[in-house]
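Now for the letters of each chain:
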Amino acid sequence: RSVEMKVSVGIDDHKFEFDLSKSFLITIPISDQSKPIDAFYLPPPTFEPFKAGSFVGDTRQGGSVNCATVHFSPHGNGTHTECVGHVSKERISIHHIMKQQPSMFPCVVISVHPEELSSSKDKYPPKHLDSDLVSILIFDSSFKGHQ
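Since we're looking at a predicted model, the values are computed, not measured.

Draft legend 1. View of the pattern of salt bridges. For the structure shown, the criterion picks out 3 salt bridges. One salt bridge connects K6 with E4, and the closest N-O pair in it is separated by 3.7 Å. A salt bridge links K15 to E17; the shortest N-O distance between them is 3.4 Å. Given the relative accessible area of 59%, K15 is considered exposed.

Draft legend 2. A look at the packing of aromatic side chains. Scanning the model with the defined rule gives 1 aromatic pair in all. With centroids separated by 6.2 Å and ring planes inclined at 50 degrees, the aromatic side chains of F50 and F55 adopt a geometry described as tilted. Its relative accessible area of 38% is what places F50 among the partly exposed residues. Note on F55: relative accessible area 30%, which makes it partly exposed.

Here is what the cut-offs are and how they apply
Residues numbered from 1 in each chain as written. Predicted model: local features only at pLDDT ≥ 70, side-chain atom pairs only at ≥ 80, totals over all residues. Heavy atoms only, no water. Salt bridge = Lys/Arg side-chain N within 4 Å of Asp/Glu carboxyl O. Buried < 20%, exposed > 50% of the residue type's maximum accessible area, 1.4 Å probe, protein only. Phe/Tyr/Trp six-rings, centres within 6.5 Å; stacked < 30°, edge-to-face > 60°.

Shown next, in the form of structure tokens:
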């Protein structure tokens, strides 16, 4: 038996229809079970059992539940949502932007594929090798007018 979860949304003069039962994840999870992403030489994420007194948040260490403290860098260890705060002097978060916008609006999903540093015009500290991978993003004319 197949279940459809169709949604129709109107934004300005445009109508968007999609089937939630056919959705898929586009994120790269942060996990201690897989090879981590390590962009920009940032350290990999760490997962440590939470400890308080005699409580330990790891069933493998005798705890009653699993409760980890996770340390990670969103820009180097996984998929993240970007906004102007990434490149501005002001500390603007995506949360701040979303509070000022309607709850749904059109957007562009961009996947960035790494290329060798030797192909990039970017400059990085000397410890980088020409064979290191970097993200090179080139917008074509189809993105003009999108913000």
